[in-house]
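A closer look at the structure
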Amino acid sequence: MLGKKLVTAQKRGETRALCLGLGMVACSMMMYFFIGITIVPFYTKSVWTTETVCKVLKANIKDKVLCPNSEGSEDEDIFPYPCLQVWVNLTALGQEVMLYQTEDTLERNHKCSYVPDKLENSKEVKARIETIASNFKKYQTFPCYYDPGGTQTSVILSRLYPPKGLLFAFLWPTLMFTGGCLIIVLVKISQYVSVLSAWQ
């Protein structure tokens, strides 16, 4: 009687462990799918892939502009802010080009190098932009990214999704997938050993 109870408890434990492993594998597949339709397209779409050195030529703050600078935008999404324009010398090509913070900055407003968050206070935005401009004038040489294919003549300060960020995004689903597969394999090994013991 005690042996039957132990066998039943073992089978229940194996079933739960197997369900856990399958659930981890299924969740990792969903995470892979989510990353594949959200982060990967932005990574592959970015043409600013080569790192080089940029030297600031001028950093000016123009009159206030509206953001976003695109047609068909909702009125509630439009807000004024000082326009910072940073022009740099692209060392790799020896050209004078405009610098943008990220790929998203160029899409939101191609006239400005920095686009603040709408939720920020106007005084804080002005102070931040002035601080950024002074930092560019102070630290005139820094790494930047440009398009080696020549599709985009501008450069960006940092990429939204660099290779390291993409690898980090795939790290957690990979660990979950590996853990789930390991649990399934261990359960199958346990079942196989139990069958062999029963035959002896």
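Above this text sits the structure in question.
Below or above, wherever it landed, is the structure these notes cover. (Residues numbered from 1 in each chain as written. Predicted model: local features only at pLDDT ≥ 70, side-chain atom pairs only at ≥ 80, totals over all residues. Heavy atoms only, no water.)

1. Structural notes on the environment of Ser28
Cut-off, in case you're wondering: Helix numbering and strand numbering both begin at the N terminus, where a helix is a DSSP run of H or I of at least 4 residues and a strand a DSSP run of E of at least 2. Between two residues, a contact is recorded if the distance between any of their heavy atoms is within 4.5 Å.
Structurally, the position occupied by Ser28 is in helix 1 (residues 2–45). As a C-alpha pair, Ser28 and Phe177 span 149 residues in sequence and 5.4 Å in three-dimensional space. Setting aside anything within four residues of it in sequence, one finds Ser28 in contact with Pro173, Met176 and Phe177.

2. Describing helix 3 (residues 122–138)
An α-helical turn contains 3.6 residues, so any two residues separated by three or four positions project in the same direction. Put simply, the rule reads: Expected helix span is taken as 1.5 Å per residue step, with the number of steps being one fewer than the number of residues. Three labels apply to residues, based on accessible area from a 1.4 Å probe with only protein chains included: buried if under 20% of the type maximum, exposed if over 50%, partly exposed otherwise in between. The directions from the helix axis to the C-beta atoms are what the arc is built from.
Its 17 residues give helix 3 an end-to-end C-alpha distance of 24 Å, which sits within 8% of 24 Å, the value for a rise of 1.5 Å per residue. Within helix 3, the full set of buried residues consists of Val125, Ile129, Ala133 and Phe136. End-on, the buried residues of helix 3 take up no more than an arc of 70°, which puts them together on one face. Seen from the buried face of helix 3, the exposed residues on the opposite side, beyond 90 degrees, are Lys123 and Lys138.

3. Observations concerning the environment of Thr44
You can see Thr44 is positioned in helix 1. Looking at Thr44, the relative accessible area reads 56%, which means it is exposed. Remark: the alpha-carbon pair of Thr44 and Tyr161, spanning 117 residues in sequence, is separated by 9.4 Å.

4. A look at a nonpolar patch on the surface
Note the cut-off: Here, patches come from residues exposed beyond 30% relative accessible area and free of salt bridges, joined within 9 Å for like charges and within 5 Å for nonpolar side chains (Val, Leu, Ile, Met, Phe, Trp, Tyr). Areas reported as accessible are Shrake-Rupley estimates using a 1.4 Å probe. Residue values count occlusion only from the protein chains shown. Take a side-chain nitrogen of Lys or Arg and a carboxyl oxygen of Asp or Glu: if they are within 4 Å of each other, that pair is a salt bridge.
A cluster of nonpolar residues, Leu182, Val185, Leu186, Ile189, Tyr192, Val193 and Leu196, forms a patch on the protein surface that exposes about 660 Å² of accessible area. Taking the relative accessible area as the measure of exposure, Leu196 reaches 40% and is therefore partly exposed.

5. Observations concerning the environment of Ser134
Mapping Ser134 onto the fold places it in helix 3. Between the alpha carbons of Ser134 and Asn60 there is a distance of 9.7 Å; along the sequence they are 74 residues apart.

6. Let's talk about the side chain of Asn109
The test is simple: Any pair of nitrogen or oxygen atoms within 3.5 Å is treated as a polar contact; in protein, a donor-acceptor pairing is required on top of that, and neighbouring residues in sequence qualify only through side-chain atoms on both sides.
Tracing the backbone through its elements, the reader meets Asn109 in the loop between helix 2 (103–108) and helix 3. Polar contacts involving the side chain of Asn109 include one to the main-chain amide nitrogen of Lys111, which spans 3.1 Å.

7. A short note on the state of the cysteines
Working definition: the covalent bond between the sulfur atoms of two cysteines is a disulfide. As a reminder, the rule being used: Any two cysteine sulfur atoms lying within 2.5 Å of each other are counted as a disulfide.
For the structure on display, the rule yields 2 disulfides. Paired by a disulfide, Cys54 and Cys144 hold their sulfur atoms 1.8 Å apart. One disulfide, between Cys54 and Cys144, carries an S-S torsion of 70° and so falls in the right-handed class. Residue Cys54 is located in strand 1 (residues 50–67), and its partner Cys144 is located in strand 4 (residues 141–146); the two are separated by 90 residues in the primary sequence. Each member of the pair, Cys54 together with Cys144, is buried. Across the disulfide from Cys83 sits Cys112; the S-S distance is 2.1 Å. Across the S-S bond linking Cys83 and Cys112, the dihedral sits near -125°, which makes this disulfide left-handed. Taken together, the positions of Cys83 in strand 2 (residues 79–90) and Cys112 in the loop between helix 2 and helix 3 put the pair 29 residues apart, joining distant regions of the chain. The pair Cys83 / Cys112 is uniform in exposure class, with both members buried. If you count the bonded cysteines of the protein chain from the N-terminus, they pair up as 1-4, 2-3.

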